[in-house]
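Close look at the chain arrangement
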Amino acid sequence: MAIWRGTGVAAVNYPTGMNLGGDPSQALVHSTPTGNFMVTLSSVDLGQGLKQVMAQICAETIGVPTEQVIIDTADTDTGPHCMGTFASRGTHRIGNAVIQAAKEARQVMLEVAAEALEVDAADLDTDGTGNIHVKGAPQKAISIFDTALTAHFKLGRSISGRGMFLVPRSFPETETGAMKPSTCYAHACTVAEVDVDDETGEVTVISVKNVFEIGRALNPRMVEQQLVGGSWMGISHALYETTEPYYPNREHGGTDFNEYLMPGPGDLAETEIIVLERPAADGPYGAKGPGEMCANPQIPAVANAIFDAVGVRVDTLPITPERILRALKEQRAGAV
Amino acid sequence: MAKVPVQFTLNGEEKAEFVESGATLLKVLRHKLGDTSPKGGCHQGACGACSVIIDGELKLSCLTLAETCEGAAVETTAGLAADGVMHPLQRAFVDEFAAQCGFCTPGMIMAAKALLDQTPNPTREDVVEAISGNICRCTGYEPIIRAVLTAARANSQNAA
């Protein structure tokens, strides 16, 4: 009886968004009377930072500081249509809708500023700090605050825009089955190192080294946070989490989260995250969807590392000590 | 059911309430006193989201009866910021991106505060031990551990 060290590798090619009946998201942008910009969505921020990234995308497109953008994700009854926050689609689909809406709002904003400055809208640009000026003549300028007041109180215009992003449904070709289920793919690769105790069946993850290719990282710190958390969650899926902890009888299943096992702060593997940025042609500022993928490659990597360590293939998750011991027993029986 | 009078301080302020006998401190804090910083996760002492500090000790407010807090000093995350300036632990949690959905954060911060109040210069193992009763679904714990160590360093620099 001994502890065996093993190494496993796995790679994933991950589609952004989904291909059911088409994958649309919509966004509306309008200015308040004082030149802040409201982005109305019915998408939801689950904690991954959707609101922050949408504010960045809107601010970048209109040409204002991020603090001047307010994201409202209040209500699926009253907001513009969104398929939802899932399938790693949020940044890509909703971000593209926000860009389109913000472009239209920016155009109206420049038209209003052009009226106020008595110049052509095509000659105007934003400075990114809350002002609009004539290109090459920065002294000829108006603040976005005053531009919004002009629109609301003098011109009777709404500085607003509509955004719509739709990836149409792709049907397989009858003859070949070929189809295009996604317009862009993120990628990841994980190398996991484990120790397996062949007496107890216990697996200790020593290290996970992850490389993620996610298009442009629009907010690098939040991307890193999501990837670190996701890597941990991948290990959790591989070795711990199940609604049937008292296998094999379903009626002996867990009844609440107290009986739903996850690794705690004392069970952390040494974790390395490397981010590669290859901007997607159709992504908002090049972004793809890293969401679900961040917790995927660790699972087959850990399974492969266990095979490397003790020579058993466990293909049911989670890979519990019991499943490893049963596989080892079968292996020994086969060897005789 | 007969109500029971109870007085304690919440983040330094005197509080006096009539509470239902058997009501948990968590329920009284959230529903009577309007302090929603402690979160109700599992309501059976497994997740740590409801953690508060009572007379200097880390406690689970979902398992503490309010009437047992007579005369006690109760601290919650809501009382940490002073004059609009975040507590070093709050600052460090922000700087280290130690929250995603944020539901575990108040409990994590109170567990960390209870540690730093006793052990101002903890080792990584001390931090792991201190937060081992608190479950986090999003972060993978590493950013939280880093934040607590960062806050401890900030504290010791201020003290020096």
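What counts and what doesn't
- Sequence order sets the numbering: in each chain, residues are counted from 1 along the sequence as written.
- By the order in which they are written, chains take letters starting at A while ligands take numbers starting at 1.
- pLDDT decides what is reported in this predicted model: residues at 70 or higher carry local features, side-chain atom pairs at 80 or more are listed and counted, and totals for whole chains, interfaces and linings draw on all residues regardless.
- In this description a helix means any DSSP run of H or I spanning at least four residues, a strand means any run of E spanning at least two, and both kinds are numbered starting from the N terminus.
- This radius of gyration counts C-alpha atoms alone. The globule rule is 2.2 Å times how many residues there are, raised to the power 0.38.
- Buried means a residue has 20 or more other C-beta atoms within 10 Å of its own C-beta, exposed means 12 or fewer, and partly exposed covers the counts in between; C-beta atoms are placed from the backbone.
- By the convention adopted here, residues are in contact when the distance between their C-beta atoms, placed from the backbone, does not exceed 7 Å.
- Here, strands pair whenever DSSP counts at least two bridges between them.
- Every axis in this analysis is a line fitted to C-alpha atoms, fitted for helices over the stretch in contact. Angles between the N-to-C directions lie between 0 and 180 degrees.
- Charged means Asp, Glu, Lys or Arg here, nonpolar means Ala, Val, Leu, Ile, Met, Phe, Trp, Tyr, Cys or Pro, and polar covers whatever is left, Gly included.
- Domain start and stop points were drawn from an automatic or database domain assignment.
- Helix span, expected: 1.5 Å multiplied by one less than the number of residues in the helix.
- Orientation categories follow fixed angle ranges, with anything under 35 degrees roughly parallel, anything over 145 roughly antiparallel, 65 to 115 roughly perpendicular, and all other angles oblique.
- For a crossing to be left-handed, the near helix must be turned anticlockwise from the far one by less than a right angle; the clockwise case is right-handed.

Within an unreviewed UniProt entry, the label attached to chain B reads Ferredoxin, and the organism entered is Kumtagia ephedrae.

Taking an unreviewed UniProt entry as the reference, chain A is identified by name as Xanthine dehydrogenase family protein molybdopterin-binding subunit belonging to Kumtagia ephedrae.

1. Digging into the overall build of chain B
In terms of regular secondary structure, chain B is built from five helices and five strands. Scaling as 2.2 N^0.38, a compact globule of 160 residues should have a C-alpha radius of gyration of about 15 Å, and chain B matches this with 16 Å. With respect to the principal axes defined by its C-alpha atoms, chain B has extents near 50 × 35 × 25 Å. With 160 residues in all, chain B has 46% of them scored as buried.

2. Quick word on the overall build of chain A
In terms of regular secondary structure, chain A is built from six helices and 11 strands. Expected size for 336 residues packed as a compact globule is a radius of gyration near 20 Å; at 26 Å, chain A overshoots this value by more than 25%. For the C-alpha atoms alone, the extent of chain A along its principal axes is close to 90 × 45 × 40 Å. Residues classed as buried in chain A amount to 42% of the 336 residues present. When contacts within chain A are restricted to residue pairs at least 6 apart in sequence, long-range pairs at least 24 apart make up 75% of them.

3. Considering the sheet that holds strand β9 (residues 185-197) of chain A
Residues and elements named next belong to chain A. Across the sheet, which stays open at both edges, the four strands sit in the order β1-β9-β10-β11 with mixed pairing between neighbours. Strand pairing shows two members of the sheet lacking a second neighbour, β1 (3-15) and β11 (270-276), which therefore form its edges. In this sheet, adjacent strand axes meet at a mean angle of 10 degrees when their direction is disregarded. Across 13 bridges, the pairing between β1 and β9 is antiparallel. Note on β9: the bridge partner recorded for Val 9 is Val 191.

4. Describing the interface of chain A and chain B
The interface of chain A with chain B comprises 18 residues on the first partner and 17 residues on the second. For the side of chain A that touches chain B, the leading source of residues is helix α4 (residues 220-239) of chain A, giving eight residues. Its residues placed into classes, the side of chain A that touches chain B shows eight nonpolar, nine polar and one charged.

5. Quick notes on the domain arrangement of chain A
All names here are of chain A. Domain boundaries in chain A define domain 1 (3-16 + 184-335) and domain 2 (23-167). On a C-alpha basis, the centroid separation for the pair domain 1 and domain 2 is 39 Å. Listed by partner, the interface residues are 16 residues for domain 1 and 15 residues for domain 2. The class makeup of the residues in the side of domain 1 that touches domain 2 is eight nonpolar, six polar and two charged.

6. Side note on helix α1 (residues 50-62) of chain A
Residues and elements named next belong to chain A. Here α1 is 13 residues long and its end C-alpha atoms lie 18 Å apart, about the 18 Å a rise of 1.5 Å per residue gives. Those residues of α1 not exposed but buried are Leu 50, Val 53, Met 54, Ala 55, Gln 56, Ile 57, Cys 58, Thr 61 and Ile 62. Where the residues of α1 are buried, they touch β2 (23-31), β3 (37-40), β4 (69-72) and α2 (90-117). Gly 63 occupies a position one or two residues after α1 and carries a positive phi of about 95 degrees.

7. Observations concerning the environment of Arg313(A)
Within the secondary structure, Arg313(A) sits in the loop between α5 (298-310) and α6 (321-335). Taking the C-alpha atoms as reference points, Arg313(A) and Thr40(A), separated by 273 residues in sequence, lie 49 Å from one another.

8. Details of the pairing of β2(A)
All names here are of chain A. Among the nine residues that make up β2, seven are buried, leaving the element largely enclosed by the rest of the structure. As paired elements, β2 and strand β8 (residues 160-167) share eight bridges and run antiparallel to each other. For Val 29, the partnering residue across the bridge sits in β8 and is Gly 161. Where β2 and β3 come together, four bridges link them in antiparallel fashion. Paired with His 30 across the strands is Met 38, a residue of β3. In this structure, the hairpin formed by β2 and β3 is closed by a connection of five residues, where Gly 35 is found at a positive phi of approximately 85 degrees.

9. A few points about the sheet that holds β4(A)
Residues and elements named next belong to chain A. Spatially, the four strands line up as an open sheet ordered β4-β3-β2-β8, and their pairing is mixed. Lying at the two open borders of the sheet, with one neighbouring strand each, are β4 and β8. Taking each pair of neighbouring strands and ignoring which way they run, the sheet shows an average axis angle of 20 degrees. Here four bridges tie β3 to β4, and the two strands are oriented parallel to one another. Directly across from Phe 37, in β4, lies its bridge partner Val 69. The strands touched by α2 are β2, β3 and β8; relative to β8, the strand with the most contacts, the crossing angle is about 150 degrees.

10. Some points on the domain arrangement of chain B
All names here are of chain B. Partitioning chain B into domains gives domain 1 (3-79) and domain 2 (88-159). The straight-line distance from the C-alpha centre of domain 1 to that of domain 2 is 21 Å. Taken together, the 15 residues of domain 1 in the interface contact 13 residues of domain 2. Contributing elements (two or more residues each) for the side of domain 1 that touches domain 2: β3 (51-54) and β4 (57-60). Among the residues making up the side of domain 1 that touches domain 2, the classes are represented as seven nonpolar, six polar and two charged.

11. Side note on α2(A)
Residues and elements named next belong to chain A. With 28 residues, α2 should cover 40 Å at 1.5 Å per step; its first-to-last C-alpha distance of 38 Å lies within 8% of that length. Along α2, 20 of the 28 residues are buried, which leaves the element largely enclosed by surrounding structure. With its phi angle positive at about 55 degrees, Glu 118 sits one or two positions after the end of α2.

12. What about the packing of helix α3 (residues 105-118) of chain B against helix α5 (residues 142-159) of chain B?
Residue and element names in this part refer to chain B. For the pair α3 and α5, interaxial distance at closest approach is 11 Å and the crossing angle is 40 degrees. If you check the angle between α3 and α5, you find them oblique. Crossing of α3 against α5: the hand is right-handed. Across the interface between the two elements, Met 108, Ala 112 and Leu 116 of α3 pack against Ile 144, Val 148, Ala 151, Ala 152 and Asn 155 of α5. Tallied by class, the residues present in the contact of α3 with α5 amount to seven nonpolar, one polar and no charged.

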